[in-house]
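Secondary and tertiary structure notes
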Amino acid sequence: MNLKNEAFRSVSHACLLVSFSIIALSAHAQRPIGTDVSGYQPQFLDWTTIKSDGVSFAWVKATEKTNYVNPYFSAQLTGAASAGVYVGAYHFARPSSDPNITGTASADTEAAYFWSVAGTYVKTGGGYLVPMLDWEDPYATNGYSGLTGMTTAHMSQWVNEWCNDVSNDAAAQGIIIRPVVYTGTWYSTAHSGVAQFPGLNSTVTGWPDWFAAYPTAAYPQTGSPGGETPWSSWNIWQYGDTNWSGGDSDAYNGNLQSFLATFAIGGTNAPYFVSAPTNLTVDLGSNATLSATVSGQSLSFQWYFNGNTIPGATSSKYTIFDVQLANAGAYTVTARNSYGTIPSVATLSVVGPLVNARGSALAPSNMVNWWTGDGNALDICSTTNLTPYNYFTYTNGKVGMAFRFDGSSAYLTSNGGEISPPWTICGWVYHQRGLTPSTSLAGDSTYALKVEQWSNTDE
């Protein structure tokens, strides 16, 4: 069973007693969330707010064909970088206007045009991302304006030529990159009939992919584009065409450190957790040490408790002496250098003998499980203890302390078996609107008990 999306004080005919609060903390989703913008968005976006809303990466349109520059390109890109959003530049390909591979009106001329505008931002350090090729020209079909030879092989060669040109331009400056190819299933898959769109073949799969697909209900943390031809899997998914920035909504299929390793320029120099801090459960009054091992160049560290900076906690290790119940919660360490910043979180649970010992509280008859939330997730009625994940912590509850969830990534799991009905679950719940489509109290892979069933309606 999973307990999630809320703060929880715990009952079950069997009685499960739980205590929670559903409170949105600063959300750090398991999949990094991003955006992409162009001249359709304002010149001066509020990147600080965009970042605080959960966006960690962005791409900004630089050029299209060989005669268009986004007039807001520099302002949008430098604004994102200044706010600490990882950012890169992209080019909108127009093979219908420049159908050749080399020479005039070609992939070469479009790559050279892009580099003349955006090459300044293809550099190591500063959180810059590799360039992106936007491959969605609807006119690149046989027969459009007299076009011929728009075969799968030709179009794939066009993509490879552009990406190789830009990679070579970067290599001439000592920078090794692999541009990412953005497309949609329609544009990457061959279509017959009136359109006769050629699609792409497997020769392009050496470049990372980025797919656009807008399902009716998009769940960026669990969903997928639903088609990746000719790639075998997906790296980035554009799951919506609107978001906080007014641009498109994107998600990366992995965690932040994997994203940086793949897309940050100089990503192999970015911080990378060799071993992340792990959850700890300690006795009241004891000492607790959280530590991480991180690779990367010129690293600095900072620890946070429940999202708040811990003064002086600036090494890869942090020790809490004489631990009290108030010390229970989420401890985040960030590792930082000029190539990127990555966080990792661990939960400290504290066992207090007067409130957590079995038999220390008067339980109703027929009790099966009881999670009090008093500084830990132990079951004081049996042995079905819970395991915390992600940005889970504790807060003041109706009585004593309570579980607190961030409304996005935090949850508790148990390895307990199913309980045959009839049963009752009992708890105090304090609910605030979170970032997920509905608010679940408890559930498994099939069913859930929910406080909020419908997205953002409180119903």
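For clarity, every value in this text was computed on a predicted model and none was experimentally measured. (Residues numbered from 1 in each chain as written. Predicted model: local features only at pLDDT ≥ 70, side-chain atom pairs only at ≥ 80, totals over all residues. Heavy atoms only, no water.)

Considerations on the overall build of the protein
Each helix and strand counted, the protein has seven helices and 29 strands in total. Buried positions account for 50% of the 459 residues belonging to the protein. Surface summary for the protein: the accessible area is close to 19,700 Å², and the carbon and sulfur share equals 50%. (Helix = DSSP H or I, 4+ residues; strand = E, 2+ residues; numbered from the N terminus. Buried < 20%, exposed > 50% of the residue type's maximum accessible area, 1.4 Å probe, protein only. Areas by Shrake-Rupley, 256 points an atom, 1.4 Å probe, with all protein chains shown as cover.)

Concerning the pairing of strand 21 (residues 340-351)
Counting buried positions along strand 21 gives 11 out of 12 residues, so the element sits mostly inside the fold. Note: strand 14 (residues 280-283) against strand 21, four bridges, orientation parallel. Among the inter-strand pairings, Asp283 is bridged to a residue of strand 21, identified as Val351. Relative to strand 21, strand 20 (residues 329-337) runs antiparallel, the two sharing nine bridges. Opposite Ala335, over in strand 21, you have Ile342 as the bridge partner. (Pairing = 2+ DSSP bridges.)

Regarding the environment of Val159
Mapping Val159 onto the fold places it in helix 4 (residues 152-171). Judged by its relative accessible area of 0%, Val159 falls in the buried class. Each C-alpha atom of the pair Val159 and Asp134 lies 9.8 Å from the other, and the pair is 25 residues apart in sequence. Discounting chain neighbours no more than four positions away, the residues touching Val159 are Leu133, Trp135, Val181, Leu200 and Val204. (Contact = heavy atoms within 4.5 Å.)

Things to note about the sheet that holds strand 20
Spatially, 14-21-20-17-18 is the arrangement adopted by the five strands of the open sheet, whose pairing is mixed. Strands at the two margins of the open sheet, each flanked by one partner only, are strand 14 and strand 18 (308-309).

Considering the nonpolar core
Trp47, Trp59, Trp135, Phe259, Phe263 and Phe403 are the most contacted members of the largest nonpolar core, which has 99 residues in total. Per-element tally for this core: the top contributor is helix 4, with seven residues. Every residue in contact with Phe263, bar those within four places of it in the chain, is listed here: Trp59, Tyr128, Leu129, Val130, Val180, Pro208, Asn235, Ile236 and Tyr252. Ranked by size, the runner-up nonpolar core spans six residues in total, among them Ile33, Ala213, Trp234 and Tyr239. (Core = buried A, V, L, I, M, F, W, Y, C linked by side-chain atoms within 4.5 Å.)

Points about helix 6 (residues 256-263)
Every buried residue of helix 6 is accounted for by Leu256, Gln257, Phe259, Leu260 and Phe263. Within helix 6, the buried residues cover an arc of 155° as seen down the axis, which keeps them to one side. (Arc of directions from axis to C-beta.)

Thoughts on unusual backbone geometry
Here the amide bond leading from Thr229 into Pro230 is cis, since omega sits at 5°, within 30 degrees of zero. Relative to the helices and strands, Pro230 resides in the loop between strand 10 (209-212) and strand 11 (236-240). Residues Pro421 and Pro422 are joined by a peptide bond in cis, for which omega reads 5°. Examined against the element boundaries, Pro422 turns out to sit in the loop between strand 26 (411-413) and strand 27 (424-431). In this model, Lys65 sits at a positive phi of 50°, which is unusual for a non-glycine residue. Summarising the element assignment, Lys65 is placed in the loop between strand 5 (55-64) and strand 6 (68-69).

Remarks on the environment of Glu161
Turning to its location among the elements, Glu161 is positioned in helix 4. Sequence spacing of Glu161 and Ala107 is 54 residues, and the spatial spacing of their C-alpha atoms is 6.2 Å. Ignoring any residue separated from it by four or fewer positions in sequence, one finds Glu161 in contact with Ile101, Thr102, Ala107 and Asp108.

As for the confidence of the model for the protein
Atom-level detail of predicted coordinates should not be read off regions where pLDDT is low. When pLDDT is averaged along the protein, the result is 86; 86% of the residues meet or exceed 70. Every residue in residues 4-14 scores below 50 in pLDDT, and together they form 91 contacts with partners more than four places removed in sequence or on other chains. (pLDDT = per-residue confidence, 0-100.)

Observations concerning the pattern of salt bridges
Inspection of every chain in the model, using the stated rule, returns three salt bridges. Note that Asp137 and Arg94 form a salt bridge whose closest N and O atoms lie 3.1 Å from each other. Of this pair, Asp137 sits in the loop between strand 8 (132-134) and helix 4 while Arg94 is found in the loop between strand 7 (86-92) and helix 3 (107-118), placing the two residues 43 residues apart along the sequence. For the pair formed by Asp137 and Arg94, the shared burial category is buried. Each of Lys61, Glu64, Arg94 and Asp137 takes part in one network of salt bridges that share partners. (Salt bridge = Lys/Arg side-chain N within 4 Å of Asp/Glu carboxyl O.)

What to know about the packing of aromatic side chains
Two numbers describe a pair of aromatic rings. These are the distance of the centres and the angle of the planes. This model, assessed by the stated rule, comprises 27 aromatic pairs. Taken together, Phe57, Trp59, Tyr182, Trp210, Tyr252, Phe259 and Phe263 form an aromatic cluster joined through their ring pairs. (Phe/Tyr/Trp six-rings, centres within 6.5 Å; stacked < 30°, edge-to-face > 60°.)

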